[in-house]
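Chains, contacts and geometry: an overview
Here's the letter readout for the chains.
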2 protein chains.
Amino acid sequence: MDFKEAKNKFVQTWGALGSQWGINKTMAQIHALLMVSNEPVSMEDIMEELQISRGNASMNLRGLMDWGIVYKEFKAGERKEFFTAEKDLDELAVKISRERSKREIKPTLKILKEVSTIEASDLAEEKHFVDQTSKLYDFVLKADNMLDKMTEFNDNWLGKLFMKMMK
Amino acid sequence: MDFKEAKNKFVQTWGALGSQWGINKTMAQIHALLMVSNEPVSMEDIMEELQISRGNASMNLRGLMDWGIVYKEFKAGERKEFFTAEKDLDELAVKISRERSKREIKPTLKILKEVSTIEASDLAEEKHFVDQTSKLYDFVLKADNMLDKMTEFNDNWLGKLFMKMMK
DNA sequence: AATAAGTTTCAATTATTTTTGAAAGTTTAA
DNA sequence: TTAAACTTTCAAAAATAATTGAAACTTATT
């Protein structure tokens, strides 16, 4: 397998993985492309490499910047914009965790709290509902807090956590 | 908010969360419904409550059973099948983790290994590719191993992990 | 062994999500 | 201040994913 094939395979794989985790395939592919590029890439180049339209490239780059994992760069003497990805994997994971927590987990927790605190009648059905959703609330809250704690180790948190677990 | 509203809100919310994480909305809704039901539910009832077709119900129940988080039950004297969800949240999380690892992480690791072990020329571009994909391989492998270790604590792993982290 | 009760399958349809492309918008430089 | 270079926006189109429903299949009962 030569470089070109390998790069393509990586981009396709990352795109497919993204899809499976609820991330638009093109967004994941752009991210993959930038991750393995040693220097900033222009929108033109992204369009060319992935064979996508300008609008698609623009919107997905905006999305990646909103996640805080892709940055705009300006090259001296060049009018157009270039893009780079966060390449530090600890940092990447922290940012994705934080963002998913903010966008998805926190709002879900709010609703879990609402539904788990209704006044249940003495029907077994209703008691079970309150009991189960309360447990779910506790579980999700604990998991969310833990993710926060983990990523607070910041530098090499995965490695540090691994150490702690081994003890 | 009364019980019926709360239950509906929970089912909708769980469905929406599923979508965001790459799980078919109906599948997540069926799972939600079963999680908060204190007794086994028939396919008829699922169809009725979620207003979906028989085919849809059948396929998504099969999917949930493949994940190992929903079980078929038989009631004495009844011909038809009933379904229940895994209600223990530790167990639920373990099963989901294991399955996602098997279906998605492991195959990705295989490809990361392939692409990160190509013979790079001395071009900075190619060197960076090999370097970055190698790091990614290491990171994903470590994360996958850790998930495995975590869930090996089995009972109350989330709580136990939390303890360890605090020390 | 025929019928009834129930479940699964899958081609066709419907719904949802993504992508395109061209017009509108913005910024820089002459 | 105008024009060129480049980016963003968004309605329409295309692609993808989910859903339906009826026929085929399976299992239990008489």
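Owing to the predicted nature of the structure, the values given are computational and were not obtained by experimental measurement. The written sequence of each chain sets the order in which its residues are numbered from 1. The order in which chains are written sets their letters, starting at A; the order in which ligands are written sets their numbers, starting at 1. Local features in this predicted model are restricted to residues whose pLDDT is 70 or higher, and side-chain atom pairs enter the listing and the counts only when it is 80 or higher, whereas totals over whole chains, interfaces and linings include all residues. To get the side-chain values, all heavy atoms of the structure are used, and hydrogens and water are removed first.

Attention now moves to the overall build of chain A. We count a stretch as a helix when DSSP gives it H or I for four or more residues in a row; a strand needs E for two or more, and each element gets its number in order from the N terminus. For chain A, the count of helices and strands is seven helices and three strands. Relative to the 2.2 N^0.38 estimate, which gives 15 Å for 167 residues, the radius of gyration of chain A is 21 Å and therefore markedly larger than a compact globule would have. With the principal axes as the frame, chain A shows a C-alpha extent of 70 × 45 × 35 Å. Each residue's exposure class comes from its accessible area (1.4 Å probe, protein chains only) as a fraction of the maximum for that residue type: buried when under 20%, exposed when over 50%, partly exposed otherwise. When each of the 167 residues of chain A is scored for burial, the buried share is 48%. Contacts: residue pairs with any heavy atoms within 4.5 Å of one another. Counting contacts in chain A only where the partners sit at least 6 residues apart, residues at least 24 apart contribute 53% of the total. We treat Lys and Arg as the positive residues and Asp and Glu as the negative residues; His and chain ends play no part in the count. The atom standing in for a charge is NZ when the residue is Lys, CZ when it is Arg, CG when it is Asp and CD when it is Glu. Distance from the positive charge centre (26 side chains) to the negative charge centre (28 side chains) of chain A: 2 Å. The reference for a compact globule is 2.2 Å times residues^0.38; the radius of gyration itself is calculated from the C-alpha atoms.

The next thing to look at is the pairing of strand β2 (residues 70–74) of chain B. Residue and element names in this part refer to chain B. Two strands pair when backbone bridges link them, and β2 and strand β3 (residues 81–85) are joined in this way by five bridges, in the antiparallel orientation. Among the inter-strand pairings, Val 70 is bridged to a residue of β3, identified as Ala 85. The antiparallel hairpin formed by β2 and β3 contains six residues in its connecting segment, where Gly 77 sits at a positive phi of about 80°. Strands pair, by our definition, only if DSSP identifies at least two bridges between them.

This paragraph deals with the UniProt feature "domain: HTH marR-type" (unreviewed entry) in chain A. UniProt positions are given in the numbering used here, feature names are shortened, and annotations may be inferred rather than shown by experiment. Within the UniProt annotation, "domain: HTH marR-type" (unreviewed entry) is assigned to residues 26–76 of chain A. The distance separating the terminal C-alpha atoms of residues 26–76 of chain A is 29 Å; by composition the span is 61% helix and 14% strand.

With that out of the way, let us pick up the pattern of salt bridges. Any carboxyl oxygen of Asp or Glu within 4 Å of a side-chain nitrogen of Lys or Arg constitutes a salt bridge here. If you walk through the whole model with that rule in mind, you get 22 salt bridges over all chains. Two residues, Glu 104 of chain A and Arg 100 of chain A, come together in a salt bridge whose shortest N-O distance is 2.9 Å. Of this pair, Glu 104 of chain A and Arg 100 of chain A both sit in helix α5 (residues 89–116), four residues apart, which is roughly one turn of that helix. The exposure classification of Glu 104 of chain A matches that of Arg 100 of chain A, with both residues buried. Several salt bridges converge on common partners, so that one network encompasses Lys 9 of chain A together with Lys 110 and Glu 114 of chain B.

This paragraph deals with the nonpolar core. Buried together is how nonpolar side chains tend to be arranged in soluble globular proteins. Definition of nonpolar core: a set of buried residues of the types Ala, Val, Leu, Ile, Met, Phe, Trp, Tyr and Cys, connected through side-chain atoms within 4.5 Å. Counting residues in each nonpolar core, the largest one holds 97 residues, and the members touching the most others are Phe 10 and Ile 46 of chain A together with Phe 10 and Ile 46 of chain B. Discounting chain neighbours no more than four positions away, the residues touching Ile 46 of chain B are Ile 30, Leu 33, Leu 34, Val 41, Gln 51, Ile 52, Leu 61 and Phe 83 of chain B.

What makes a residue near a molecule or strand is one non-hydrogen atom of that residue sitting within 4 Å of it. Thr 26, Ser 53, Asn 56 and Arg 79 of chain A together with Glu 81 of chain B are the nearest of the 18 residues found near DNA strand C. When atoms of DNA strand C within 4 Å of the protein are split into backbone and base, the sugar-phosphate part holds 57%. Any pair of nitrogen or oxygen atoms within 3.5 Å is treated as a polar contact; in protein, a donor-acceptor pairing is required on top of that, and neighbouring residues in sequence qualify only through side-chain atoms on both sides. Contacts to DNA strand C include Thr 26 of chain A, whose side-chain N or O atom sits 2.5 Å from a phosphate oxygen. Note that a phosphate oxygen of DNA strand C is positioned 3.1 Å from one of the side-chain N or O atoms of Ser 58 of chain B. Secondary-structure elements contributing two or more residues to the surface near DNA strand C are α4 (54–66) of chain A together with α4 (54–66) of chain B. It is α4 of chain B that contributes the most residues to the surface near DNA strand C, four residues altogether. When residues are grouped by polarity, Ala, Val, Leu, Ile, Met, Phe, Trp, Tyr, Cys and Pro land in nonpolar, Asp, Glu, Lys and Arg in charged, and all others, Gly among them, in polar. A per-class count over the surface near DNA strand C returns three nonpolar, nine polar and six charged.

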